[in-house]
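Structural characterization, general
One letter stands for each residue in the lines below.
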Amino acid sequence: MLTDGPASTRSPARFVAFGGAAAVLLTVVMVGSLDLHRLTTTAVGLRRTISEYALGPYRWVFDTAVVLLAAGSLAILAVLVRKGITRWASGGSLAFIAWSVGLTLVVVFPKHDWSVGPSMSGSIHRVASLVAFISLPIAALLLARPWLRDAVWGAHARRTFRFGLLSALSFTPILYAVLVNVLVGTSWWRVLPLGYIERLLVLVEVVSVLVVAVWAIAAAQPSYRRSNTSR
């Protein structure tokens, strides 16, 4: 809602929203640099998963990037809550938190090192990855749904909703591979080029977070007051 009088151009919430978006963008730069290095120095291309980096000398780059993504996502959500777009206890917020928690667990528990063998850490890593990948589309859809026809936030909500659907669609190849594994017995990571599919999914989901970040930045403008009732 517009304020009646002039407002200060300084907004702590807007600073937090921009900081969250910057953290997400930095994640893209860091992981992208690792991929570029792999493409130019090895013959395997990008067939291996992103989390493979946690098993090598560039683990600190991977860990830092994922932590930045998790922290940036929470910062963006905090602004949406502060400005009345959602509530901490809403389904969309809880799914967004699950996305961040899943990412954090991915860092704490590295994937299986198959040169050694399966591990409990790798099993937790796999579950955490699935939780993160599934939670983000749900978060985007639930955050956007109440605002789709809103006069002020409708455009932001519709973009968020579309990217939520696209994120869910991007996850379907992995679901297909798991289904083939269950029905036929073929290892699900052999059904498709997992590294490329995972990168496509991560890219779409990160862009979805950035779309939500743009919404948070707009909501944090000093010319808008906090909504009386969060949806």
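Bear in mind that the values here come from a model prediction, so they are computed numbers and not experimental data. (Residues numbered from 1 in each chain as written. Predicted model: local features only at pLDDT ≥ 70, side-chain atom pairs only at ≥ 80, totals over all residues. Heavy atoms only, no water.)

1. Points about the overall build of the protein chain
Note the cut-off: The secondary structure listing takes helices from DSSP runs of H or I that are at least 4 residues long and strands from runs of E that are at least 2 residues long, numbered from the N terminus. Taken over C-alpha atoms, the radius of gyration is set against a globule rule of 2.2 Å times the number of residues to the power 0.38. The buried label goes to any residue with under 20% of its type's maximum accessible area, the exposed label to any with over 50%, and the partly exposed label to all in between, with areas taken from a 1.4 Å probe on protein chains only. Two residues form a contact once any of their heavy atoms are found within 4.5 Å. Areas reported as accessible are Shrake-Rupley estimates using a 1.4 Å probe. Residue values count occlusion only from the protein chains shown. Counting rule for charge: Lys and Arg are taken as positive, Asp and Glu as negative, and neither His nor the chain ends is counted. Note on charges: their place is set at NZ of Lys, CZ of Arg, CG of Asp or CD of Glu.
In terms of helices and strands, the protein chain carries seven helices and zero strands. Along its sequence from the N terminus, the protein chain presents helices and strands in the succession α-α-α-α-α-α-α. Its C-alpha atoms give the protein chain a radius of gyration of 19 Å, near enough to 17 Å, the size a compact globule of 231 residues would have. Considered along the principal axes of its C-alpha atoms, the protein chain spans approximately 65 × 35 × 30 Å. Buried positions account for 45% of the 231 residues belonging to the protein chain. Partitioning the intrachain contacts of the protein chain with sequence separation of at least 6 by distance along the chain shows that 72% fall at a separation of at least 24. Accessible area for the protein chain stands at about 12,000 Å²; split by element, carbon and sulfur atoms hold 68% of it. Taking the average location of the 21 positive side-chain charges in the protein chain and that of its 8 negative ones, the two points are 8 Å from each other.

2. Examining the layout of surface pockets
The line we're drawing: The definitions used throughout rest on a 1 Å grid laid over the protein atoms alone, on which a cavity is an enclosed set of points accommodating a 1.4 Å probe that cannot get out and a pocket is an open set flanked by protein within 12 Å on both sides along at least five of seven lines; lining residues are those having an atom within 4 Å of a point. Grid points are joined across faces, edges and corners, and a volume is the space filled by probe spheres set on the points. All residues other than Ala, Val, Leu, Ile, Met, Phe, Trp, Tyr, Cys, Pro, Asp, Glu, Lys and Arg, Gly among them, are scored as polar; the first ten of these are nonpolar and the last four charged.
One number sums up the size of the second largest pocket: a volume of about 450 Å³. For the second largest pocket, the lining is made up of 24 residues, of which Val31, Ile50, Val202, Leu203 and Val206 are closest to its centre. Every element with two or more residues in the lining of the second largest pocket is listed here: helix 1 (12-41), helix 2 (59-82), helix 3 (91-108), helix 4 (120-144) and helix 7 (194-219). Of all the elements, helix 7 adds the most residues to the lining of the second largest pocket, at seven residues. Residue composition of the lining of the second largest pocket, by class: 15 nonpolar, five polar and four charged.

3. A look at the packing of helix 3 against helix 4
Applied cut-off: Orientation is described by lines fitted to C-alpha atoms, with helices fitted over the stretch in contact, and by angles between N-to-C directions that extend from 0 to 180 degrees. Any angle between 65 and 115 degrees counts as roughly perpendicular, while under 35 counts as roughly parallel, over 145 as roughly antiparallel, and the rest as oblique. Note on convention: near helix rotated counterclockwise from far helix by under a right angle means a left-handed crossing. Clockwise means right-handed.
The N-to-C vectors of helix 3 and helix 4 enclose an angle of 155°; their axes lie 7 Å apart at closest approach. In terms of orientation, helix 3 and helix 4 fall into the roughly antiparallel class. By crossing handedness, the relation of helix 3 to helix 4 is classed as left-handed. Of helix 4, the residues touching helix 3 (which contributes Gly91, Gly92, Ser93, Ala95, Phe96, Ala98, Trp99, Gly102, Leu103, Leu105 and Val106) are His125, Ala128, Ser129, Val131, Ala132, Ser135, Leu136, Ile138, Ala139, Leu142 and Leu143. Each residue belonging to the contact of helix 3 with helix 4 can be placed in one class, and the counts come to 15 nonpolar, seven polar and no charged.

4. Re the pattern of salt bridges
Where side chains of opposite charge bring their charged atoms close, a pairing between them can arise. Rules: A pairing counts as a salt bridge when a side-chain nitrogen of Lys or Arg comes within 4 Å of a carboxyl oxygen of Asp or Glu.
Applying the stated criterion across every chain yields a total of three salt bridges. Among the ionic pairs, Glu52 bridges to Lys111, the shortest N-O distance being 3.2 Å. Here Glu52, found in the loop between helix 1 and helix 2, pairs with Lys111, found in the loop between helix 3 and helix 4; they are 59 residues apart in sequence, far enough to count as distant. Note on Lys111: relative accessible area 15%, which makes it buried.

5. Looking at the confidence of the model for the protein chain
How we decide: Per-residue confidence from the prediction method is given by pLDDT, with values spanning 0 to 100.
In the predicted model, the protein chain carries a mean pLDDT of 90, and the fraction of residues at 70 or more is 91%. Within the protein chain, helix 6 (residues 188-191) has the poorest average pLDDT of any element, 75, and helix 3 the best, 98. When the criterion is pLDDT under 50, residues 1-8 qualifies, and its contacts beyond four places in sequence or with other chains add up to twelve contacts.

6. What about the environment of Ala155?
When you line up the elements, Ala155 lands in helix 5 (residues 154-183). Assessed through its relative accessible area of 35%, Ala155 is described here as partly exposed. As for Ala155 and Met30, which are separated by 125 residues in sequence, their C-alpha atoms are 30 Å apart.

7. Digging into the nonpolar core
Definition in use: Nonpolar cores were defined as sets of buried Ala, Val, Leu, Ile, Met, Phe, Trp, Tyr and Cys residues, with membership established by side-chain atoms within 4.5 Å.
Ranked by internal contacts, the top residues of the largest apolar core, which has 48 residues, are Phe62 and Phe96. Of all elements in the fold, only helix 1, helix 2, helix 3, helix 4 and helix 7 reach the threshold of two or more residues within this core. In terms of residue count, helix 2 provides more of this core than any other element does, eleven residues in total. If sequence neighbours within four positions are ignored, Phe96 has contacts with Ser73, Leu77, Leu136, Ala139, Leu143, Val209 and Val212. If you look at the next biggest cluster of nonpolar residues, it comprises eight residues, including Phe133, Ile174, Leu194 and Leu201.

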